[in-house]
Amino acid sequence: MSTLSNQTWPSPRERSGFDSLRGLGREGPHLLKVLAAQADVELDGHRPWDIRVHDPAFYDRVLSAGSLGLGESYMDQQWDAPALDETFTRLLGHGIEERLHGAAGLGLRWRLVLLVLRARLLNLQSQKRAFQVGEQHYDVGNDLYEAMLDPTMSYSCGYWAEAEDLESAQRAKLDLICRKLEFEPGERVLDIGCGWGGLAEHIARHYDVQVVGLTVSREQAQLARQRCAGLPVDIRLQDYRELDGRFDKIASVGMFEHVGRKNDAAFFDTAARLLKEDGLFLLHTIGTSAASPVNDPWIDRYIFPNGELPNAERLAQALRPRFVLEDWHAFGPDYDRTLMAWWANVEQAWPALANAGYDERFRRMWKYYLHCSAGFFRSRRGHLWQLVLSHAGGRSDTYRAPR
């Protein structure tokens, strides 16, 4: 088993951040208390969402490194919050990161500037880097994901309109995608970012179509091939830019977050090239309301390297010369419920996962990841979008999207 708990963690000096902010001294704790209180979070308070500080080094790490220091200090057990999801709902809803950058000092502001420049100037999602997120995140261990996810192995937002549990929400999501794509027997379907094969298996089993699934994760590909054995499904360990052929329908679920703005043209040009003239393309992606999105530094280091969430303006700009927008469906609050269901599964399975080699620092990292993500959606800073796209002039009938 390959787990993140086995990688080389940042050194103590790296974790401490910029030394230039140490001069804040006694003012540091007071500054953080004021900023947190503005979001209705108390430091050393007694409500479930209040932060209980166990180590004074917490203050310096957060002031020095912002969200990266906040996450790393949690992993190192320097603070806790009984209702971590509610803590993040309040902090993110109040824009705590922006306020911290404005109040803490020049060092933290320069860190933000460097992150923005890195995203703008470098292609962090180039073909050479395409498999990095697979190796670091998706290859962490199929045992972890089998414990966390539902039987369909869906690692994206469920559809909770009428669902009462995680599995029914995920099956409802798979069914919704299929109804939106209007499959016909004998069609050829492409699944860009097929994960562990849940959607490909569902499509092939229920709609009499052939499916090609692409993933950049070796662990995902191995399990997807096992799940789809005997079905007309071809799982490939391949970057989307390398694919040739023509498809009646295309789906991409939870993958666009890894594309990056510098590759928008390549991604949508590839989809347009692969999609038949009268075909449909469904894009399912997390979105953000941020004007200039930058991957959170902690998420970038520990969870999704080189990720970048799109905002609506970026999507519209990329789509306008290439596709007709048939439907834009938003159900972001459903991701909050999905993430909390995933954590409940991990918590229940933790004794077995600990015996399999996942350590306590990994558990706290994973808890932080799922809870801060839930707060991201609950605060409405994060969104979940399903777009249905077609070629201009490719379809004569009116498209009526199901819900």
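All values derive from a computational prediction rather than experimental measurement.

What counts, and where the lines are drawn
- Within each chain, residues carry numbers counting from 1 in the order of the written sequence.
- Per-residue local features are limited, in this predicted model, to residues with pLDDT of at least 70; the limit for side-chain atom pairs, both in listing and counting, is 80 or more; totals at the level of whole chains, interfaces and linings are taken over all residues.
- Side-chain calculation: all heavy atoms of the structure are included, whereas hydrogens and water are not.
- Comment: elements are numbered from the N terminus, with helices defined as DSSP H or I runs of at least four residues and strands as E runs of at least two.
- Any residue under 20% of the maximum accessible area for its type is buried, any over 50% is exposed, and the rest in between are partly exposed; the area is computed with a 1.4 Å probe on protein chains only.
- Here a strand pair is declared whenever DSSP counts at least two bridges between the two strands.
- Confidence of the prediction at every residue is given by pLDDT, a number between 0 and 100.
- Here a residue-residue contact requires only that any non-hydrogen atoms of the pair lie within 4.5 Å.
- For our purposes a nonpolar core is just a set of buried Ala, Val, Leu, Ile, Met, Phe, Trp, Tyr and Cys residues, chained together by side-chain atoms within 4.5 Å.
- Between N-to-C directions, angles span 0 to 180 degrees; the directions come from axes that are lines fitted to C-alpha atoms, helices contributing only their stretch in contact.
- In protein, a polar contact requires one atom able to donate a hydrogen and another able to accept it; more generally it is a pair of N or O atoms within 3.5 Å, and residues adjacent in sequence count only if both atoms are side-chain atoms.

### Overview of the overall build of the chain
At step 1: For the chain, the helix and strand inventory stands at 17 helices and 9 strands.
At step 2: With 403 residues in all, the chain has 59% of them scored as buried.

### Observations concerning the pairing of strand β6 (residues 247–253)
At step 1: Buried residues dominate β6, accounting for 7 of its 7 residues.
At step 2: Across 3 bridges, strand β3 (residues 188–192) lies against β6 in parallel orientation. Across the sheet, residue aspartate 191 finds its bridge partner in β6, namely alanine 251.
At step 3: Both β6 and strand β7 (residues 275–288) contribute to a ladder of 6 bridges, which runs parallel. Within β7, the position partnered with isoleucine 250 by the bridge is phenylalanine 281.

### Points about the confidence of the model for the chain
At step 1: Of the residues in the chain, 85% have a pLDDT of 70 or more, and the chain-wide mean is 88.
At step 2: Below a pLDDT of 50 lies the segment residues 1–25, which in the model reaches 53 contacts outside its immediate sequence neighbourhood of four places, other chains included.
At step 3: This stretch, residues 105–110, has a pLDDT under 50; its non-local contacts, to residues over four places away or in other chains, come to 13 contacts.

### Re the nonpolar core
At step 1: Formed by 71 residues in total, the largest nonpolar core has its most connected members in Phe58, Tyr155, Trp298 and Trp366.
At step 2: Residue contributions to this core peak at 10 residues, all from helix α17 (residues 360–378).
At step 3: Every residue in contact with tryptophan 298, bar those within four places of it in the chain, is listed here: Ser67, Leu68, Gly71, Glu72, Met75, Ile303, Met365, Tyr368 and Tyr369.
At step 4: If you look at the next biggest cluster of nonpolar residues, it comprises 26 residues, including Ile192, Phe268, Ala271 and Ala318.

### Things to note about helix α13 (residues 264–274)
At step 1: Within α13 the residues assigned to the buried category are Asp264, Phe267, Phe268, Thr270, Ala271, Ala272 and Leu274.
At step 2: Close packing links the buried residues of α13 with β3, β6, β7, α15 (312–319) and β9 (382–390).

### Examining the sheet that holds β7
At step 1: In space, the 7 strands of this open sheet follow the order β5-β4-β3-β6-β7-β9-β8, with mixed pairing throughout. The outermost strands of the open sheet, each flanked by one partner alone, are β5 (233–237) and β8 (324–330). On average, each strand axis in the sheet is tilted by 15° relative to the strand beside it, whichever way the strands run.
At step 2: Pairing of β7 with β9 involves 8 bridges; the strand directions are antiparallel. When the bridges of β9 are listed, leucine 282 appears paired with valine 388.
At step 3: Across the face of the sheet, α15 comes into contact with β7, β8 and β9 while running at roughly 15° to β9.

### Re unusual backbone geometry
At step 1: With a phi close to 70°, asparagine 306 is a non-glycine residue in the positive phi region.
At step 2: Along the chain, the position of asparagine 306 falls in the loop between α14 (297–302) and α15.
At step 3: On the basis of relative accessibility, which here comes to 5%, the residue asparagine 306 falls in the buried class.
At step 4: A positive phi angle, near 65°, is found at arginine 380, a position not held by glycine.
At step 5: Assignment of secondary structure puts arginine 380 in the loop between α17 and β9.
At step 6: Accessibility expressed as a relative area gives 48% for arginine 380, which makes it partly exposed.

### Things to note about the side chain of asparagine 263
At step 1: Structurally, asparagine 263 can be placed in the loop between β6 and α13.
At step 2: Of the polar contacts made by the side chain of asparagine 263, one reaches the backbone oxygen of valine 259; its length is 2.9 Å.

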